Amino acid sequence: MAAHQADAAAAGAPPHRLRTEESWGYDRRNIDYIQHAAATGLYEIRGMGAKRHLPHFDDLLFLGASLSRYPLEGYRERCSTRTILGTRYAKRPIELAMPITIAGMSFGSLSARVKEALGRAATEAGTSTTTGDGGMTEEERRSSKTLVYQCLPSRYGFNPDDVRRADAIEIVIGQGAKPGGGGMLLGQKVNPRVAAMRTLPAGIDQRSACRHPDWTGPDDLVIKIQELREITDWEKPIYVKIGATRVFNDVKLCVHAGADVIVVDGMQGGTAATQTVFIEHIGIPTLAAVRQAVDALEDLNMRGKVQLVVSGGIRSGADIAKALAMGADAVAIGQGMLVALGCNSESWVRPDGRHVSAVADYATLGTAPGYCHHCHTGRCPVGLTTQDAALELRLEPAIGARRVRNYLKTLNMELATVARACGKQDVHHLEKEDLVALTVEAAAMAGVPLAGTSWIPGVARRPEGD
Amino acid sequence: MARVTTKPASAGNSREFDLANVALREVNRFLHQDAANEGVAQVRVLNPDGAHSVACGLNAELEVEVDGNVGYYLAGMNKLARVTVNGNAGPGAAENMMSGLVRVRGYASTGAGASAHGGCLVIEGDASLRCGISLKGGDIVVGGSVGSFSAFMAQAGRIVICGDAGDALGDSLYEAVIYIRGDVRSLGADARFEPMTDQDLAAVKELLTTAGFKHAPGEFRRIASAKSLYHWNADANQEY
Ligand code: SF4
């Protein structure tokens, strides 16, 4: 007897009646949402990215080499991962050992120790890291060989000395987790150091602007980029980062505005504090965004001239290989780096290497390892997204740096392995032709054939045997 | 690209650039790098003809005078330098300035002094919309009036307005303070008039003196944040 029948029988109802069927429209998630709204009169703010299931790189597969293509030998034949960003106008483009960069995350949302760990790992792995809303810290400048400095709408801590000591500048128009929305840092994370860097009183809930103060629209952006080039004597690459929405048009406008590099952040991108309604309902999946971005660059004959960096839910070497095959020049990873540092882990690691359970601290926040999205509280059980003097000690920069470096190394090895299997001597030679899709949705979004067919939804089908 | 053709101006350690003949890039690079090496302290720029980013990113105690109208981002991100424009300025004049003094003898367009962290911007004529938006510690003195949405989200610093203001003045202010002599069409969310203290009168006097304006500080009214937006979720956790 099925469980619900047993329940029904126990309740004295006829055994064939279903008594415990959950409503699809009013399931426990929706009931909880409505009752939370009714109790507080406020929308929910939380960390991490979209939780809903979305078409993603998981829905693509590689066609490895067989008879029609030669694979390369896994451990003997070279497969280059070298990546150069910012070749269009900048006198000093960024040269990286791998096409995997660390995405912009603010000091404020993360502790200074985390920023330091990320910088050290990026430097050891030969890649770049990025500042965030709240400015550049000494820790990250010191620890990062290649540091991308973000110019955000809030301009917190933005200053010409840091512009001059940055290696590239990234103008942030939007973020995948919240295109069209500004930042948010709740008072519990605005400690005196964070407050001073942002020129705000400590402890207040701090709303970042969603529009830049000194320009509006794509024609102004042309002039803003020129200004930053003039300030830096045309030396540093200028990136423009957009949250993925109308990607095809936005990428064209970024090219027109004079960007050296365009960063497209899909809706799976993480956040430390954003309204849930933004996270789950605004923006398009990374998979769809990459294709639109590449289409726009091809339309303008700008592929290879303006580099494309893709971010938003990139976790594995396979994800990176697929993004590159679709036409990205590099990826940026934020949330994955935090997971590497211990986000949602059951324990944190002491300097002597001993693990200490954090389960009780997750429980205090009303969550458990594997389910946590509580970065906004500033009470991160593993000491990452916090400004609390005691909690932040749970991340030892040296240990964190080692874990992130290992993660970067693994990703890069996986990427090269996939590329070799597809017969490429350079990971940048991966191409769309190497991909097929598992679902009709992914085939349509990525513009690759459904596996086992020559069908790309939206593209006229070739006659059989062609 | 035009070659750098400069001719010494009358003073010993000064230099003159004619933007009709020299690329802006060369002028800015001179101001950033060569001026200090060559001991040049005064620079005159002729025929800007609406050029953008004139004298931006300066980082030394230079005296720069621009004869004519400039486009966007005059003296953007200025540090230490004193820049004067004998004309009007386009959007974002002295945006994100850190220190120094920028003076516009004519009018300034939108976003003048946006996110300035320090220094002083003097606009002798009117300033357009969003003057002093996101101000972060700089001072702005406007001889005429300012457009709507001025001082939006201004975090720190002082804005003195000798004329009137448009709508939504000081919307979502943080710790910045506005002093206004004329009328305010409307205040923005969370902005309110407050009584002038002796400290306020002294501040206005100091800023008017810097700007060279002759009004009596007592004619100004103070606007600051009511701080009701400091905690957006003040009512949270009041379950019922
Ligand atoms: S473990 Fe820390 S970083 Fe991860 S979701 Fe929870 S609060 Fe955020």
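Note that the structure is predicted; figures quoted are calculated from it, not measured.

**Description of the packing of aromatic side chains**
All names here are of chain B.
(1) Moving on: Summed over all chains, the structure comprises five aromatic pairs over all chains.
(2) Moving on: Between tyrosine 174 and tyrosine 230 the ring centres are 5.9 Å apart and the planes differ by 40°, which places this aromatic pair in the tilted class. Here tyrosine 174 is found in the loop between β9 (156–161) and β10 (177–180), whereas its partner tyrosine 230 is found in the segment after β12 (221–225), with 56 residues between them in sequence.
(3) Moving on: Tyrosine 230 gets classed as buried once you look at its relative accessible area, which sits at 6%.

**Considerations on helix α14 (residues 397–421) of chain A**
(1) Moving on: Taking 1.5 Å as the rise per residue, α14(A) with 25 residues should run 36 Å; its terminal C-alpha atoms sit 36 Å apart, in good agreement.
(2) Moving on: Positioned one or two residues after α14(A), Gly423(A) has a phi angle of 85°, which is positive.

**Structural notes on the sheet that holds strand β11 (residues 238–243) of chain A**
Residue and element names in this part refer to chain A.
(1) Moving on: The strand order across the open sheet formed by eight strands is β5-β15-β14-β12-β11-β8-β7-β6, and the pairing between neighbours is parallel. Looking at which strands have only one partner, the edges of the open sheet turn out to be β5 (100–102) and β6 (128–130). Between one strand axis and the next, the sheet turns by 25° as a mean value, whatever way the strands run.
(2) Moving on: Inspection of the sheet shows strand β7 (residues 146–151) paired to strand β8 (residues 168–172) by four bridges, in the parallel sense. When the sheet's bridge partners are listed, valine 148 is paired in β8 with alanine 168.
(3) Moving on: Sitting on the sheet, helix α8 (residues 247–257) touches β11 and β12 (261–265), and the angle it makes with β12 is about 155°.
(4) Moving on: The sheet contacts of helix α11 (residues 317–326) involve β5 and β15 (330–333), and relative to β15 the element is tilted by about 140°.

**Some words on the pattern of salt bridges**
(1) Moving on: Going through the model one piece at a time under the given rule, you end up with 50 salt bridges over all chains.
(2) Moving on: One salt bridge in this structure joins Glu140(A) and Lys115(A), with 3.2 Å as the shortest N-O distance. With Glu140(A) in helix α4 (residues 138–143) and Lys115(A) in helix α3 (residues 112–125), this pair connects stretches of sequence that are 25 residues apart. Here Glu140(A) matches Lys115(A) in class, with each residue buried.
(3) Moving on: Taking the shortest distance from any N to any O, the salt bridge between Arg103(B) and Glu124(B) comes out at 3.0 Å. Placement of the pair is Arg103(B) in strand β6 (residues 101–104) and Glu124(B) in the loop between β7 (120–123) and β8 (136–142), with a sequence separation of 21 residues.
(4) Moving on: Arg103(B) sits in the buried class, given a relative accessible area of 12%.

**Details of the interface of chain A and chain B**
A common way to state how big an interface is: give the accessible area lost once the parts meet.
(1) Moving on: Listed per partner, the contact involves 40 residues of chain A and 41 residues of chain B.
(2) Moving on: Of the roughly 3700 Å² buried between chain A and chain B on both sides combined, carbon and sulfur atoms contribute 56%.
(3) Moving on: The tally of links between chain A and chain B comes to three salt bridges.
(4) Moving on: A salt bridge links Lys79(B) to Asp161(A); its shortest N-O distance comes to 2.7 Å.
(5) Moving on: At the boundary of chain A and chain B, one finds 14 residue pairs in polar contact (both at pLDDT 80 or more).
(6) Moving on: Top element by residues in the side of chain A that touches chain B is helix α7 (residues 217–231) of chain A. It accounts for seven residues.
(7) Moving on: In terms of residue class, the side of chain A that touches chain B is made up of 18 nonpolar, nine polar and 13 charged.

**Here's the deal with the side chain of Ser144(A)**
All names here are of chain A.
(1) Moving on: Looking at the element boundaries, serine 144 is found in the loop between α4 and β7.
(2) Moving on: The class of serine 144 is buried, set by a relative accessible area of 3%.
(3) Moving on: Residue contacts for serine 144: discarding those within four places in its chain leaves Gly119, Thr123 and Thr129.

**Section: the packing of α11(A) against α14(A)**
All names here are of chain A.
(1) Moving on: Running from amino to carboxyl end, α11 crosses α14 at an angle of 50°, the nearest separation of the two axes being 8 Å. In terms of their interaxial angle, α11 and α14 are classed as oblique. Here the hand of the crossing between α11 and α14 comes out right-handed. For the pair α11 and α14, the contacting residues are Gly317, Ala318, Ile320, Ala321 and Leu324 in the first and Leu411, Glu414, Leu415 and Val418 in the second.
(2) Moving on: Considered class by class, the residues forming the contact of α11 with α14 number seven nonpolar, one polar and one charged.

Analysis parameters
- Residues numbered from 1 in each chain as written.
- Chains lettered and ligands numbered in written order.
- Predicted model: local features only at pLDDT ≥ 70, side-chain atom pairs only at ≥ 80, totals over all residues.
- Heavy atoms only, no water.
- Phe/Tyr/Trp six-rings, centres within 6.5 Å; stacked < 30°, edge-to-face > 60°.
- Helix = DSSP H or I, 4+ residues; strand = E, 2+ residues; numbered from the N terminus.
- Buried < 20%, exposed > 50% of the residue type's maximum accessible area, 1.4 Å probe, protein only.
- Expected span 1.5 Å × (residues − 1).
- Pairing = 2+ DSSP bridges.
- Axes fitted to C-alpha atoms, helices over the stretch in contact; angles between N-to-C directions.
- Contact = heavy atoms within 4.5 Å.
- Salt bridge = Lys/Arg side-chain N within 4 Å of Asp/Glu carboxyl O.
- Buried area = accessible area lost by both parts, 1.4 Å probe.
- Polar contact = N/O pair within 3.5 Å; in protein donor to acceptor, adjacent residues only side chain to side chain.
- Nonpolar A, V, L, I, M, F, W, Y, C, P; charged D, E, K, R; others polar.
- Parallel < 35°, antiparallel > 145°, perpendicular 65-115°, else oblique.
- Left-handed = near helix turned anticlockwise from the far one by under 90°.

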